[in-house]
Every structure is written in structure tokens, then in C-alpha cells.
Amino acid sequence: MKFENIKTIGIVGAGTMGQGIAQICAQAGYKTILFDINAQVLRKAEATTVKNLDKGIERGKLTEADKQAALENLSYTGDTLQLSCDVIIEAVVERLEVKQSIFKDLDAVNTPDTIFASNTSSIPITRIAAGIPHPERVVGMHFFNPAHIMKLVEVISGAATSLEVADTIRQLALKLEKKPVMAKDAPGFIVNRVARHFYVEGLKLLEEGVTDAKGIDRLMQASGFKMGPFELMDLIGVDTNYSVTSSMFEAFHYDPKFRPSRIQQQKVDAGHHGRKSGKGFYDYQ
């Protein structure tokens, strides 16, 4: 698939990341189909998109015409048969078997030219592409939260990814007004591998009772960070962050420096997933 031939983009997963990716694709002029098996999640994504576009108008970054054009480009579905697209970006849970299952199912309703891009933040693209028909079209396209604001996109080539596919996704990221960085395949890629210890060490300090979460966050902010590790985990999603750490812990053969925190696991088990659930390391209710 050449960049200039991209007309329709499918997004699998209407959670926080999927919704944001779908929004910017629609704003860039692409016919965009957002898929999720949960109708309630789709309705929430639709409401969030309208809210985000309205905020853009309030801030003078969008016009009413821009909003209407984006909404006209965006459709919602729970039927995979409607996901016949030029590019498909999956933004689902960080579980290898789920991502592979999605791409295998979508292979049946798409041509070999359709690019399969994963928004995974930690799972190697080579592992995702294994067993997928035409693995040369599988590539990583890792956005950052919130996707409609954050500029960075990691474009990751697996062992089988073709140079043309990687460059097409690079050009697509530029069209979406993002700043693409090309990366080779490795667990966590660049940003999550470097940033993992920002979270892990903060959690170790909390486990050891050195100070509380608020104290750690304030000290990191005083050191020049925009947000401390606990505020950032709440923003990203405590469950998502925990899943990425667990994935990297396994991928690096259980290297202790990536060991997930028991405190974070308790938060996940309790449903305290951060801002999106109303409670994480802080209370947002």
C-alpha cells in the first residue's frame, strides 16, 4: 500500500487510545471506521470525540466546519465485516494473542495490500506478525496519550516489515501532523523502555515507605518534570501501565529491573485505573 492510495483507515478498539487515533485520522480527511465489540464503549468514544472537537473550537484551533467535516468522516461499528480498509490500526489490550487474533480475523476481509499497524507500547512487532498472512505488512505505529494532542509517534519495523510499509506509515504520521521516529523492534521500543524506570522506581519508593505518592510527584515536578510518576500513571491508566510493565518484564526474561509492583497490581485488581475510572493513586470523583 502506497501512502497516496490510503483513503480509509480502520481503528480496532474504541478506548482512550483508539478514540484519539480515530479522531485525528478523521480530522486529517480520511474515512475512518472505529470498531469495538462493546456498544457502550463506542457511544462513549463518540461523545468524547465531540467534546474534544468542541474544545478545539473554544481554543481557536478548529472551526465549526472542521468539526463537521471530521464527524462526517468518522463512523462506528461493532461488525468486523465493515473493516475493509487501506490501513488498520489496532489499539486493544496489551496481550499478544488478542492482537494476533484480530489481525488474523481481519485478513479474511482485507487484501494483502492492507497495512496492519499495532499501537502496542511494549510487545515486539516481530512476535505480533508471526503467523499473520503477509507479515511484511505488519508494522508498529505507537501513539502517545492523549493521541489527539501528543505529537510523537514511534514507527517500528519488525523482522519481516517491508521498507515500503514502514515509510508509508511514516508519511501517514506526518499527514496526521505527528512527529514520527523510526525504531527497530525491541520490547518497549524507545520511549517505554527508557521511561519504565520512572514508574518502577517511583513505585519502589512508595513500597519502601520513603514518602507518599504526592510527595514523590511534587519532588519530580520540582526537578523539572511536568508530571510525577503517579499522576502520569493515573493519566495513562494504571491498568495500561501495569500491563506494559508486565509485558516488558516477561520480554526481558524476568529481569528484576522491570519487575511489576504489588501496589500497582492491587490498584488494578481493585479497579482503580486512574482518571478514567475516577480513582487511581489519586481520587478524581
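These numbers were taken from a predicted model, which means no experiment stands behind them.

Cut-offs and rules
- Residues numbered from 1 in each chain as written.
- Predicted model: local features only at pLDDT ≥ 70, side-chain atom pairs only at ≥ 80, totals over all residues.
- Heavy atoms only, no water.
- Patch = residues over 30% accessible without salt bridge, like charges linked within 9 Å, V, L, I, M, F, W, Y side chains within 5 Å.
- Areas by Shrake-Rupley, 256 points an atom, 1.4 Å probe, with all protein chains shown as cover.
- Salt bridge = Lys/Arg side-chain N within 4 Å of Asp/Glu carboxyl O.
- Helix = DSSP H or I, 4+ residues; strand = E, 2+ residues; numbered from the N terminus.
- Axes fitted to C-alpha atoms, helices over the stretch in contact; angles between N-to-C directions.
- Parallel < 35°, antiparallel > 145°, perpendicular 65-115°, else oblique.
- Left-handed = near helix turned anticlockwise from the far one by under 90°.
- Contact = heavy atoms within 4.5 Å.
- Nonpolar A, V, L, I, M, F, W, Y, C, P; charged D, E, K, R; others polar.
- Pairing = 2+ DSSP bridges.

## Some words on a nonpolar patch on the surface
Item 1. A contiguous nonpolar patch, built from Val181, Ile190 and Val194 and spanning about 250 Å² of accessible area, is present on the exposed surface.
Item 2. Inspection of the secondary structure assignment puts valine 194 in helix H7 (residues 191–207).

## Digging into the packing of helix H10 (residues 238–251) against helix H11 (residues 262–269)
Item 1. Axis separation between H10 and H11 bottoms out at 9 Å; the angle between their running directions is 135°. As the angle between them shows, H10 and H11 are arranged oblique. The element H10 and its partner H11 pack so that their crossing is left-handed. Residues Val238, Asp239, Asn241 and Tyr242 of H10 touch H11, and the partners they reach there are Gln264, Gln265, Lys267 and Val268.
Item 2. Per-class residue counts for the contact of H10 with H11 are three nonpolar, three polar and two charged.

## Digging into the sheet that holds strand E5 (residues 115–118)
Item 1. Strand order in this open sheet of eight strands is E3-E2-E1-E4-E5-E6-E7-E8, and the pairing throughout is mixed. In this open sheet, the two edge strands, each paired with only one partner strand, are strand E3 (74–77) and strand E8 (179–184). On average, each strand axis in the sheet is tilted by 25° relative to the strand beside it, whichever way the strands run.
Item 2. Pairing analysis gives four bridges linking strand E4 (residues 87–90) to E5, with the strands arranged parallel. Paired with glutamate 90 across the bridge in E5 is serine 118.
Item 3. Together, strand E1 (8–12), strand E2 (31–35), E3, E4 and strand E6 (138–143) form the strand contacts of helix H1 (residues 16–27), whose direction differs from that of E2 by roughly 165°.

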